[in-house]
Amino acid sequence: MDLYIDTANLDEIRQAADMGVLDGVTTNPSLVAKENADFHDRLGEICEIVNGPVSAEVVSTDHDGMIAEADELIKIADNIVIKLPSIVEGLKACKTLSDRGVRVNMTLCFQPLQALLVAKAGAFLVSPFVGRVDDISGDGMEIIQQIRQIYDNYGYDTKILAASIRHPLHIVNAALIGADVCTVPFKVIAQMMNHPLTDSGLKKFLADWEKTKSQKSSKQPAMA
Ligand code: G3P
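Worth saying up front: this structure is predicted, and the values here are computed from it rather than measured.

## What to know about helix 6 (residues 112–120)
- Among all positions in helix 6, only Pro112, Ala115, Val118 and Ala119 are buried. All buried residues of helix 6 fall inside an arc of 125° around its axis, so they share one side. Among the exposed residues of helix 6, those oriented more than 90 degrees off its buried face are Leu113 and Lys120.
- Buried residues along helix 6 sit in contact with helix 5 (88–99), strand 5 (104–109), strand 6 (125–128) and helix 8 (140–154).
- One or two steps after helix 6, the chain reaches Gly122, where phi turns positive at roughly 90°.

Below, the structure written as structure tokens:
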């Protein structure tokens, strides 16, 4: 499973990239708004840190506006992926861009039929928002499961990107279902290698090793 970070914050992206397991980045207008940075400049900076796909979202809601924005965004770097909303105009723009060889991430996906249509339109990624469905007492993971089955039934290549991840268990479940990618906030990435038994176990190993070292040195013969 590929791991993307869901942020436009450079420090977070650098820290995650330093872990050596980061495959890409997703941004959205809300994440960029937190950064107080020029949108295009920030995307350029992100693309210098990460070679993998970097999703950049348009804010137009009509086909032609989306294409015009996409044309500017793809000039930033070769790894820019155009993020479009899962609405009819977005679907049309997805088809136009995909036919031109531009990679598209269809976002704000909340039901499997949106995922079916965007796959038919050639999307590179589809982003079902797990956490936002859970937030309103739905089952976000069930949507990932349904999309997985539909894509496998028909052999669609579109990658399922589990988005709106709130906690580590979301990632475990997405991986068990077979989501191709998870995009994860930095706070949750930081939790992925943590376990209290690892910490206490390591503490004990190191303490025992110190004892071993002192036993060895006390057995050393005194130098003549
Ligand atoms: O990048 C889109 C997505 O991951 C949004 O997450 O937490 O705003 O629902 P959230």
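Back to the text.
## Here's the deal with the packing of helix 6 against helix 8
- Two elements in contact, helix 6 and helix 8, have axes separated by 9 Å at closest approach and are oriented at 35°. Note that helix 6 runs across helix 8; the crossing there is right-handed. Listed contacts from helix 8 to Pro112, Ala115, Leu116, Val118 and Ala119 of helix 6 are Ile143, Gln146, Ile147, Ile150 and Tyr151.
- A per-class count over the contact of helix 6 with helix 8 returns nine nonpolar, one polar and no charged.

## Brief notes about the side chain of Thr7
- For Thr7, the position within the fold is in the loop between strand 1 (2–6) and helix 1 (10–18).
- A relative accessible area of 5% means that Thr7 is categorised as buried.
- Only 3.0 Å separates the side chain of Thr7 from the backbone nitrogen of Asn9, close enough to count as a polar contact.

Definitions and limits used
- Residues numbered from 1 in each chain as written.
- Predicted model: local features only at pLDDT ≥ 70, side-chain atom pairs only at ≥ 80, totals over all residues.
- Heavy atoms only, no water.
- Buried < 20%, exposed > 50% of the residue type's maximum accessible area, 1.4 Å probe, protein only.
- Helix = DSSP H or I, 4+ residues; strand = E, 2+ residues; numbered from the N terminus.
- Arc of directions from axis to C-beta.
- Contact = heavy atoms within 4.5 Å.
- Axes fitted to C-alpha atoms, helices over the stretch in contact; angles between N-to-C directions.
- Left-handed = near helix turned anticlockwise from the far one by under 90°.
- Nonpolar A, V, L, I, M, F, W, Y, C, P; charged D, E, K, R; others polar.
- Polar contact = N/O pair within 3.5 Å; in protein donor to acceptor, adjacent residues only side chain to side chain.

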